[in-house]
Amino acid sequence: MFSYCTDPDTLSGFSWLSCYLTTGKHMAFYRAFGTVLLLLAITAPTALAFGFCGARAARSQVAPLRWFGKIYIAIVRGVPDIAFFLFFVIALDQAFEWLRHQVKCPDWDEPIRQGNDFVVCQIAKMPLGNAPQWVHETYGFFLAILTFAIVFGAFAANILYGAMNTVPHAQMETAEAYGMNRKQAFWRVMVPQMWVYALPGLSNLWMVLIKATPLLFLLGVEDIVYWARELGGSKTARFSDYPHPDWRMWYFLALLVFYLGFTKVSEVVLDRLMTRLTRGQATMGGEAQRKAAA
Amino acid sequence: MSCWDTIQAYGLRAVGIGERLLPRSDFTLCEQFTLIGSGMIWNIYFGVFALIAGFFFAVALALGKASANPWLRKPANWFIFIFRGSPLFIQIFFAYFAFVSLKSVSSIFDAFSAAWAGALVVLFLNTAAYSAQIFYGALLSIPKGDMEAADAYGMAGWARFRRITFPTMMRLAWPSYTNEAIFLFHATTLVFFSGFPAFRQKGDALYYANYFADKTFNPFIPYPILAGYFILLTLVIIGIFGLANRRLNRHLPQDRRKRLRIRPNLIR
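Residues numbered from 1 in each chain as written. Chains lettered and ligands numbered in written order. Predicted model: local features only at pLDDT ≥ 70, side-chain atom pairs only at ≥ 80, totals over all residues. Heavy atoms only, no water.

### Digging into helix H7 (residues 182–212) of chain A
Thinking step 1. If you check H7(A), its first and last C-alpha atoms are just 37 Å apart, much less than what 31 residues at 1.5 Å a residue would give, namely 45 Å.
Thinking step 2. Within H7(A), the axis deviates most sharply at A:Ala198, by approximately 55°, and proline A:Pro200 lies no more than four positions further along. (Helix = DSSP H or I, 4+ residues; strand = E, 2+ residues; numbered from the N terminus. Expected span 1.5 Å × (residues − 1). Bend = angle between axes of the 7 residues up to and from the residue.)

### As for the pattern of salt bridges
Thinking step 1. On inspection of all chains with the given rule, the structure shows two salt bridges over all chains.
Thinking step 2. A:Lys264 is paired through a salt bridge with A:Glu267; the nearest N and O atoms lie 3.8 Å apart. Taken together, the residues A:Lys264 and A:Glu267, both in helix H9 (residues 248–278) and three residues apart, mark about one turn of the helix.
Thinking step 3. Assessed through its relative accessible area of 36%, A:Glu267 is described here as partly exposed.
Thinking step 4. Close ionic contact of B:Arg160 with B:Asp151 constitutes a salt bridge, the shortest N to O distance being 3.1 Å. (Salt bridge = Lys/Arg side-chain N within 4 Å of Asp/Glu carboxyl O. Buried < 20%, exposed > 50% of the residue type's maximum accessible area, 1.4 Å probe, protein only.)

### Regarding the UniProt feature "domain: ABC transmembrane type-1" (unreviewed entry) in chain B
Thinking step 1. Taking the numbering used here, the UniProt-annotated feature "domain: ABC transmembrane type-1" (unreviewed entry) corresponds to residues 40–244 of chain B.
Thinking step 2. With 78% helix and 0% strand, residues 40–244 of chain B has end C-alpha atoms that lie 24 Å from one another. (UniProt positions renumbered as here; feature names shortened; annotations may be inferred.)

### Focus on the interface of chain A and chain B
Thinking step 1. Opposite the 41 residues of chain A that make contact, chain B presents 42 residues.
Thinking step 2. Together chain A and chain B conceal approximately 3900 Å² of surface at their shared face, both sides included; 75% is due to carbon and sulfur atoms.
Thinking step 3. Applying the counting criterion to the chain A and chain B interface returns four residue pairs in polar contact (both at pLDDT 80 or more).
Thinking step 4. Only helix H4 (81–104), helix H5 (133–166), H7, helix H8 (224–232) and H9 of chain A provide two or more residues apiece to the side of chain A that touches chain B.
Thinking step 5. Per-element accounting of the side of chain A that touches chain B gives the leading share, ten residues, to H9(A).
Thinking step 6. Tallied by class, the residues present in the side of chain A that touches chain B amount to 28 nonpolar, six polar and seven charged. (Contact = heavy atoms within 4.5 Å. Buried area = accessible area lost by both parts, 1.4 Å probe. Polar contact = N/O pair within 3.5 Å; in protein donor to acceptor, adjacent residues only side chain to side chain. Nonpolar A, V, L, I, M, F, W, Y, C, P; charged D, E, K, R; others polar.)

### What to know about the confidence of the model for chain B
Reading fine detail from the predicted coordinates is not recommended where pLDDT is low.
Thinking step 1. This prediction gives chain B a mean pLDDT of 86; 94% of its residues lie at or above 70.
Thinking step 2. Highest mean pLDDT in chain B belongs to helix H3 (residues 70–85) of chain B (93); lowest belongs to helix H1 (residues 3–10) of chain B (82). (pLDDT = per-residue confidence, 0-100.)

### Observations concerning the side chain of B:Ser113
All names here are of chain B.
Thinking step 1. Structurally, Ser-113 is set in the loop between helix H4 (88–102) and helix H5 (115–140).
Thinking step 2. Reaching out from Ser-113, the side chain makes a polar contact with the backbone oxygen of Asp-110 at a distance of 2.9 Å.
Thinking step 3. The residues touching Ser-113, leaving out its near neighbours within four places in the chain, are Tyr-96, Phe-99, Val-100, Lys-103, Phe-196 and Pro-197.

### Considerations on the side chain of B:Glu180
All names here are of chain B.
Thinking step 1. Note that Glu-180 resides in helix H7 (residues 157–187).
Thinking step 2. Residue class for Glu-180 comes out buried when judged on its relative accessible area of 2%.
Thinking step 3. Polar contacts involving the side chain of Glu-180 include one to the side chain of Thr-127, which spans 2.7 Å.

### Focus on the UniProt feature "transmembrane region" (unreviewed entry) in chain A
All names here are of chain A.
Thinking step 1. UniProt's feature table lists "transmembrane region" (unreviewed entry) at residues 28–50, 71–92, 139–164, 185–209 and 249–270, given in the numbering used throughout.
Thinking step 2. Between the end C-alpha atoms of residues 28–50 there is a gap of 32 Å, over a span that is 100% helix and 0% strand.
Thinking step 3. Helix makes up 100% of residues 139–164 and strand 0%, whereas the separation of the span's terminal C-alpha atoms amounts to 35 Å.

### Side note on the layout of surface pockets
Residue and element names in this part refer to chain A.
Thinking step 1. Estimated volume of the second largest pocket: approximately 490 Å³.
Thinking step 2. In this structure, the second largest pocket is lined by 20 residues; those nearest its centre are Arg-59, Met-172, Arg-182, Phe-186 and Met-190.
Thinking step 3. Considering every element that reaches the lining of the second largest pocket, the biggest residue donor is H7, with five residues. (1 Å grid on protein atoms, 1.4 Å probe; cavity = no way out; pocket = protein on both sides within 12 Å on 5 of 7 lines; lining within 4 Å. Points joined across faces, edges and corners; volume = space filled by probe spheres on them.)

### A few points about the state of the cysteines
Residues and elements named next belong to chain B.
Thinking step 1. Inspection of the entire model under this criterion finds one disulfide over all chains.
Thinking step 2. Here Cys-3 is linked by a disulfide to Cys-30, with a sulfur-sulfur distance of 2.1 Å. Taking the sign of the S-S torsion, about 85° here, the bridge from Cys-3 to Cys-30 comes out right-handed. You can see Cys-3 sitting in helix H1 and its partner Cys-30 sitting in helix H2 (residues 29–66), a full 27 residues away along the chain.
Thinking step 3. The exposure class assigned to Cys-30 is buried, which follows from its relative accessible area of 15%. (Disulfide = S-S within 2.5 Å.)

Next comes the structure, spelled out in structure tokens:
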């Protein structure tokens, strides 16, 4: 990185550290933080959309749809989430390959599960065997996002379902009295009002989502945990220009600090948002704001 | 091998009793049920001991957080923030590598680089922080009238704490504390996926479920089995905590007794 880094053996102290922390692998480590933020940025709205659909399904008047919604919400109870993550990542991959297999190779006569193997025809492989490396990585990342969205969508569905039921019933009756049909009443009266009831739950979910990001490591993505383990392990002079003993403890300490900072910032931002949203609402919080202003 | 033989060979495999080699091919349903079930021993071990030890520490932390003395309040606040603000996954990783580094300092730390002690310490500290937050919330919502009544009876200090503050705090915190207990048992599955090695393949339920899923490339059997075990465990926890809840609320009139409401679990 810096001009004086050409011969690492002659460096010491601070200049050694500055060179060490700017090696190519460390740059990959810093980019991995970007991966985490990207995952959060994509997963949060996707999970919210899944949750919204789930909550709508659970309130549906069509019985099978309602059962589906309720089962989707209930399925996250009682089972450790990490099991869901490990399960979905393989299950989704196999589901995609199986679907492509059905479409692309209709005249395939061998069974798909042969003993301990899962066999689909060559052109149904996801991604194709000859695809470049970045396709494999993107596909892995895509699977991870989908897994996160399914699991956190169920949590969000539970929160939104509760929030929809908390919107005062009189509001919905008023909407009906104005001649709105069910759909209009839902979109114009319930949806705008439910957010303030959902926000405490959703901000809690956001915190939980932040703290779930290290699980990306288990899904096979090269994330910050992967790099922390990789870079922290002891290096001898034979394999590295910057030999050092086992520093994994310090790398994980850095990750710990990163997460603490991130949750703290989120907390502050979400508190502000809550204050904003309660303004003028007929809730305890809104009442307190009015009294404070008067 | 009949199913009974399998149970004898692998029923206690997770603690190192029985057959040494794990099954390698032609997995039967019975083998999967037995091994994953045997792994649950570790989940229950971690959960029960962390919960019991964490309970006492959490009460102390909650009182510290509510204390007027900054020398007690500040450390309690920081402790709770650090353990609630960072992922348990990273905490376990950090603790494992910290214990490994400390091994060269003193041989006291030898045990802590193994899961049974090291991970237990982390889970204990983690659940103490989460429970402390719950107890602190309950402490703040003790009805003012209760404390005034205690004053009127001339109670103060330890007697007031033991007879009024503590039971009321428990009663109010209990539904959330039940959830916390469920989360904790679920969180125990992280142990063998974060640094701590499963010595001689003695792992927990998820470790074995993952083993089968990797070997058979079929996630649709081991993970539902694991899910079944955990749902069962969750029901047992709800049952036990429900009994405690009944006892805590037994002085209240029937209609004012709060029933336990179980909310879905969340990762930490």
